[in-house]
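# Per-entry structural report
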There are 2 protein chains.
Amino acid sequence: MDDRSDDHDIEVEGGIHAYERKISGILDDGSVGFQQPLLARNRKNTTSQIAIVGANTCPIESLDYEYVFVFPNFTFLLFWKTETINEIRLLGRVAFCRVIGNFLEICRYFQAFFAFAGCNLILATAAGSLCAFIAPAAAGSGIPEVKAYLNGIDAYSILAPSTLFVKIFGSIFGVAAGFVVGKEGPMVHTGACIANLLGQGGSRKYKLTWKWLRFFKNDRDRRDLITCGAAAGVAAAFRAPVGGVLFALEEAASWWRSALLWRTFFTTAVVAVVLRTLIELCRSGKCGLFGKGGLIMFDVNSGPVLYSTPDLLAVVFLGVVGGVLGGLYNYLVDIVLRTYALINERGPGFKVMLVMAVSILSSCCAFGLPWISQCTPCPIGSEGKCPSVGRSGIYKSFQCPPNHYNDLSSLLLNTNDDAIRSLFTSRSENEFQISTLAMFFVFVYCLGIITYGIAIPSGLFIPVILAGASYGRLVGRLLGPVSQLDVGLFSLLGAASFLGGTMRMTVSLCVILLELTNNLLMLPLVMLVLLISKTVADCFNKGVYDQIVTMKGLPYMEDHAEPYMRNLVAKDVVAGPLLSFSRVEKVGVIWQALKMTSHNGFPVIDEPPFTEASELCGIALRSHLLVLLQGKRFSKQKTTFGSQILRSCKARDFAKAGLGKGLKIDDLVISDEEMEMYVDLHPITNTSPYTVLETLSLAKAAILFRQLGLRHLCVVPKTPGRPPIVGILTRHDFMPEHVLGLYPHIDPLK
Amino acid sequence: MDDRSDDHDIEVEGGIHAYERKISGILDDGSVGFQQPLLARNRKNTTSQIAIVGANTCPIESLDYEYVFVFPNFTFLLFWKTETINEIRLLGRVAFCRVIGNFLEICRYFQAFFAFAGCNLILATAAGSLCAFIAPAAAGSGIPEVKAYLNGIDAYSILAPSTLFVKIFGSIFGVAAGFVVGKEGPMVHTGACIANLLGQGGSRKYKLTWKWLRFFKNDRDRRDLITCGAAAGVAAAFRAPVGGVLFALEEAASWWRSALLWRTFFTTAVVAVVLRTLIELCRSGKCGLFGKGGLIMFDVNSGPVLYSTPDLLAVVFLGVVGGVLGGLYNYLVDIVLRTYALINERGPGFKVMLVMAVSILSSCCAFGLPWISQCTPCPIGSEGKCPSVGRSGIYKSFQCPPNHYNDLSSLLLNTNDDAIRSLFTSRSENEFQISTLAMFFVFVYCLGIITYGIAIPSGLFIPVILAGASYGRLVGRLLGPVSQLDVGLFSLLGAASFLGGTMRMTVSLCVILLELTNNLLMLPLVMLVLLISKTVADCFNKGVYDQIVTMKGLPYMEDHAEPYMRNLVAKDVVAGPLLSFSRVEKVGVIWQALKMTSHNGFPVIDEPPFTEASELCGIALRSHLLVLLQGKRFSKQKTTFGSQILRSCKARDFAKAGLGKGLKIDDLVISDEEMEMYVDLHPITNTSPYTVLETLSLAKAAILFRQLGLRHLCVVPKTPGRPPIVGILTRHDFMPEHVLGLYPHIDPLK
């Protein structure tokens, strides 16, 4: 399959290279190259620039795509180049433009716009349909879902192979459709999905199973593997190996141990080496934009950074405003998500329609706004680069006369990476007009908010970095008379402040920015600005990922107990009449209990005649009970025969099954006769469960539950002469909604 | 006091500047400058170079010293310049040399050597005496002690003010005495000591108390503060703020939570900003070597790093050998420490004698070895820099003729920072001869091993980096024909491999090296080499800090349970007959119990008539019992009067006292009459202690104990009809020595 896609790639490359050669041929043989309209190349009338717009609008989006994920115990490598898709799209658009061009020569403005918006709409519809009809779980960033999974919430199909498929292609189509979305969040989710696929030993449904991948059939190793996958995602997306480790540590993982640190580090080290090698191989340009930029994507190493007190004040101001804007961003995203939820729940059709509406709006803005902006003469010494042809380059001509460029179109109608690179450069202070920066900021800020939440895979990093960088550069321009700092540095600090204000990470963002820009000297300022914006934004609301987790209703366990929990004890919240089994229990009773409830753990109690008084024996899991019932190791007498069962069972029968692949109660066929027989639960009982006394403070119980990563916590009575177990605490019993529902008079803040 | 020391500083600077002007004056007025013997400056006989040795030996050691520590909730700044000490020493030596010079002109070799060794010996004796007589806890690196403290082991005077004092001055004297020791470990310890001092609200013993510093009177906040202190230490030592956070996370802290990450990050951000400002202020040269180098100490940003397969193989080889050498280093350090322990335990006098012996040995080697090395002609274009005068500079003349330098003396008789910088540079491949590198490597490796463990504050980072860098450069020279990588890069990778092999950290070392050298492009190689060397070395033994913790007998709790613990249950290790109190207990009984035992926690049991059956009420701490007894809130009847006590007590009476400042049982004066009275323990009982059933697996109990950071864990019976508590598990009950002592037949590896 890999080979085939490669062949395909080469074919298409041949095509696009031929096309590029034609363009450069035109350019080489005379200075009139740029007035040669592509839409009607056979004619010699060379005055219209609109045709160039049509040609130039094609290669708009960020497409230097890489999917490199590597895992600790073995190296698995998926190298996906969007380039393929991109080149198909480019060819398609050119052909399309040409056809349209022959039809309507009168109103070329509209013709170009329709070509642009139409291509975008088709791609957007493809992304939206994939998402809405095949895997709704693939919509959005994916980081909140991965975070919830690593907290212990295995929600439906979050990491399923179908989600993986849609995440990859949906993200490619979404980014290519010109939405204000990034690829970083989806890459984290993709990494986690691949890790999950490997952890399950492949997918039985899609006939992809590997026997040698059976080491991860337990929760802890699978969790570790998925953490490594998320880290690999960040490492590949930002080409930032250390940043990936820290992201996994700070944002993704809920439990951390030194072994995991070392495994994540190993994973991202392999990602770094593989990336490095691939970049080296692609340096010749065979892989499109992939080889460009090297390991450091935005190299802004700009000599020593000196600063004075006014500069520091300017940076503090930047941080405060960035924090406020970030908090506002989160607030608006929350409102928009709730509004979209009302539309999306009506059905997949409505989801796709919403995607199409947003796509049309984006196209209108991206195509309409540059008309407002004025043309700027090309800087001296930039001949051949300004205005730029082809997919890369930071000077876009748009409607401007020769040797001029439109600075807003250079930001809007460009790849995201090139837009960020232009904003970060310190090359010339006047490269962007103040009005351009303001318009671009408003465009990215608003469209970023309304785009997140539609049914496409959409990362938040790129919109936030773009908005922050334009905001920072704007502030830099406005504060020019006060501060001596470079506008490029202001732009970087603006991006940092905005990231801090929305995502509320510190160390990982700091290292990611460092690895993106290779400028260690500005480290103190970046740290400062991150801290200020995070502190300011924390006064208003939670980080955007936490907010989405809450909004999705996932029962996320915080690592601290809520204050009011100190006034309650364990037995105050533990749920009502408890279902428990004897050590040797009737099959019918077990079957009935499994059928009637959806509990995952059942207490097993040792009773006379096997012990003197009734005692807590342990906890039996639903999945293990099902395996035991399926094995039909029953006995007609009520006697202990556990050792027999142990001999006939294999450990791997009880290994954790993949997502949705475990036994179900309806799969079992048990005759009436068997229902009257007995089964010894001792072999499958966890006889050493964690327990708490019923009088333990709920806050302490919550911390115990969270720190040890439990699923069931037995509550035992304090006074003698009562049944040996009071109840079982689960994750839901600690959720604020549950506790405050039981005790509505409690003040949640005390 | 600060002002006075500043005045002093300026005076001395005036002196030393005058002296330097004289030297440069001599140099300025003719090329014979270097043949002008300092020891007899009034004579015109200018042939001997030995006098120059005498002059040049003075400024030998690394003295660009900074102590900057900043804490989260307020900023406290201690800025200590060793320069003062250094300049005094320099002046003293010059005077000394001059006197000696007039006496013995015949054997100037010996005269210079005696001047050199004598100065070293005096400084070494000062450092050793401080350590041996005032604060023995200040000896060594301090990182293992901080690590143990953060794991919950509050060993005697680890963080006391006297330790702080000796750590600062002892480290200055030790580094100045020319030992192969670093200042990084001591700076981490110093940071932790200052944090502890602040956390206690100052020191009552030394009359330094601050009322406004009373927020940290609980274990958790104090632990957090000390973690921040350790991070600030690393951040200041390496000028690596992010590295500091990661060091605290990876090596120092045992418990981590997101709030702590954010606090540490804040601390190191302030360190970075303060450091940056101070460096800016010192750029004029007023602070000696402090202002040099900027925020990045060894700037080796050397353009793109390209590598091929042979290069990768060379790097893998480097990593493997580095790992083996690192493991061997740890093994030898362990042996040497055990040997020294036999000498040191005989008394402070022996300790000082050991320090003196090692000092003489170091001086002999440092002065003797350069004689073996050949003179190298100065590289073209280095006029004025080669040979170098003054404290800084990388070409030292030693016995060589004019325009030549001795490359071994440039490494041995130089500041550590300059030696590392020379090793990391790629300037010229032939700057160091292979024999020089080999000799220097053996010198640093061996002396590093025998120096660690003597009674001076001694960091391990610098010796390990020096040995690793010389080993790496040596390998680079030897593999020159095979690999195209730069020898400077080899040197850096050698240092990384050696650090990975001894300290076994990954992410933090990687980031520290990055922040030291500002070369992001070599990140993949550094990650690779760190992983390889750590993996190789882990096959042999534990990391050097873990080894020292074990050797010191500190009961460190690992974050995983030992394998054999799965075969035991809690009641198997819980200690024998338990002492417990009734809820309303006789004063005499409590007094007796506190007097007779050294337990820190006592179970309190509710008994009839207050309850129906006897129940576990909770745990009372020794310190709280002492406060209660001191308050003399007794009653003649055996009734509950807890609410009365609560009203008359203040929370701050029970706040955690500073180190060694709590009440002691002998401080209490209780009359015989009072001994017969009763006291209600309910107000001071923790009624919500964590409990485990006696049948819980010991491994699970250990994980519970470790993860929640407990001090006491109550074991309750499973079967009814027995006393409500079986015993209390403490840290010592989980130590392998204890468990294996109880069950000697258990195989520790199963």
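So, here is what we can say about the structure in this document. Note that this is a predicted model, so its numbers are computed, not measured.

Reading the values: rules and limits
- Residues numbered from 1 in each chain as written.
- Chains lettered and ligands numbered in written order.
- Predicted model: local features only at pLDDT ≥ 70, side-chain atom pairs only at ≥ 80, totals over all residues.
- Heavy atoms only, no water.
- Pairing = 2+ DSSP bridges.
- Helix = DSSP H or I, 4+ residues; strand = E, 2+ residues; numbered from the N terminus.
- Contact = heavy atoms within 4.5 Å.
- Axes fitted to C-alpha atoms, helices over the stretch in contact; angles between N-to-C directions.
- Least-squares fit on C-alpha atoms with pLDDT ≥ 70 in both.
- Polar contact = N/O pair within 3.5 Å; in protein donor to acceptor, adjacent residues only side chain to side chain.
- Buried area = accessible area lost by both parts, 1.4 Å probe.
- Salt bridge = Lys/Arg side-chain N within 4 Å of Asp/Glu carboxyl O.
- Phe/Tyr/Trp six-rings, centres within 6.5 Å; stacked < 30°, edge-to-face > 60°.
- Buried < 20%, exposed > 50% of the residue type's maximum accessible area, 1.4 Å probe, protein only.
- Lys NZ or Arg CZ within 6 Å of the ring centre and 35° of its normal.
- Left-handed = near helix turned anticlockwise from the far one by under 90°.
- Nonpolar A, V, L, I, M, F, W, Y, C, P; charged D, E, K, R; others polar.

### Some points on the sheet that holds strand β7 (residues 601-606) of chain A
Residues and elements named next belong to chain A. Strand order across the open sheet formed by three strands is β5-β7-β8, with mixed pairing between neighbours. The sheet is open, and its two edges are formed by β5 (581-582) and β8 (615-621), each paired on a single side. As judged from the two bridges shared by β5 and β7, these two strands associate in the parallel manner. Each residue of the ladder has a partner; that of S582, found in β7, is I605. Of the strands in this sheet, β5, β7 and β8 touch helix α23 (residues 622-631), which is tilted by about 80° from β8.

### Observations regarding the relation of the copies chain A and chain B
The transformation that overlays chain A on chain B combines an axial shift of 0.0 Å with a rotation of 180°, and the residual RMSD is 0.1 Å. Both copies of the chain, as the preceding transformation shows, are related through a two-fold rotation axis. Residue P720 of chain A of chain A places its C-alpha closer to the rotation axis than any other residue of that unit, at 3.0 Å. Here 100% of the interface residues in chain A have copies in chain B that are interface residues too; the copies meet face to matching face.

### Section: the side chain of R622 of chain A
Residue and element names in this part refer to chain A. Secondary-structure assignment places R622 in helix α23. A polar contact of 2.8 Å, which involves the side chain of R622, links it to the backbone oxygen of H599. Ignoring sequence-local partners within four residues, the contact set of R622 consists of L594, T597, S598, H599, N600 and F602.

### Describing the interface of chain A and chain B
With 62 residues of chain A at the interface, the matching set in chain B holds 62 residues. Carbon and sulfur atoms make up 72% of the surface buried where chain A meets chain B, a total of about 5600 Å² over both sides. The interface formed by chain A and chain B includes zero salt bridges. Across the chain A-chain B interface, the total number found is eight residue pairs in polar contact (both at pLDDT 80 or more).

### Describing the packing of aromatic side chains
The description of an aromatic ring pair rests on the distance of the ring centres and on the angle between the ring planes. Following the criterion strictly, the structure yields 32 aromatic pairs over all chains and no others. Between F116 of chain B and F367 of chain B, the ring centres sit 5.8 Å apart and the planes meet at 35°, which makes this aromatic pair tilted. With F116 of chain B in helix α4 (residues 108-134) and F367 of chain B in helix α12 (residues 348-368), the pair connects residues that are 251 residues apart, well separated along the chain. On the numbers, 6.4 Å between centres and 40° between planes, the contact of Y471 of chain B with F498 of chain B is tilted. Taken together, the residues Y471 of chain B in helix α16 (residues 461-478) and F498 of chain B in helix α17 (residues 487-503) connect sequence positions 27 residues apart. Residue classification places Y471 of chain B among the buried residues on the basis of a relative accessible area of 4%. Residue F498 of chain B is classed as buried on the basis of its relative accessible area, which comes to 0%. Linked through ring pairs, F113, F114, F116, F367 and W371 of chain A together constitute an aromatic cluster. It is K534 of chain A that lies over the ring of W262 of chain B; its NZ or CZ is 4.8 Å from the centre. Its end group placed over the ring of W255 of chain A, R706 of chain A keeps NZ or CZ at 5.2 Å from the ring centre.

### As for the pattern of salt bridges
All names here are of chain A. Taken as a whole and judged by the stated rule, the model has 30 salt bridges over all chains. Ionic pairing is found between E676 and K586, a salt bridge with its closest N-O pair at 3.7 Å. Pair noted here: E676 is in the loop between α25 (672-675) and β9 (678-680) and K586 is in strand β6 (residues 584-586), with a separation of 90 residues, a long-range link. Members of the salt-bridge network, linked through shared partners, are K147, E251 and D546.

### Examining the packing of helix α9 (residues 241-252) of chain A against helix α10 (residues 258-281) of chain A
Each pair of packed helices gets described by two things: the angle between the helix axes and the distance between those axes. Residues and elements named next belong to chain A. One way to put it is that α9 packs onto α10 with a least axis distance of 8 Å and a crossing angle of 145°. Where α9 crosses over α10, the handedness of that crossing is right-handed. Contacts between α9 and α10 involve P241, V245 and A248 on the former and, on the latter, L261, T264, F265, T268 and A272. Here the contact of α9 with α10 is built from residues that sort into six nonpolar, two polar and no charged.

### Points about the sheet that holds strand β11 (residues 713-716) of chain A
Residues and elements named next belong to chain A. Sheet architecture is open: three strands sit in the order β10-β11-β12, paired in mixed fashion. Edge positions in the sheet fall to β10 (691-693) and β12 (727-729), since each has one partner strand and no second. Averaged over all adjacent pairs, the angle separating strand axes in this sheet is 35°, with direction ignored. Pairing geometry for β10 and β11, over three bridges, is parallel. Residue pairing across strands places L693 opposite V716, the latter belonging to β11. Along the sheet face, helix α26 (residues 698-708) touches β10, β11 and β12 and points at about 150° away from the line of β11.

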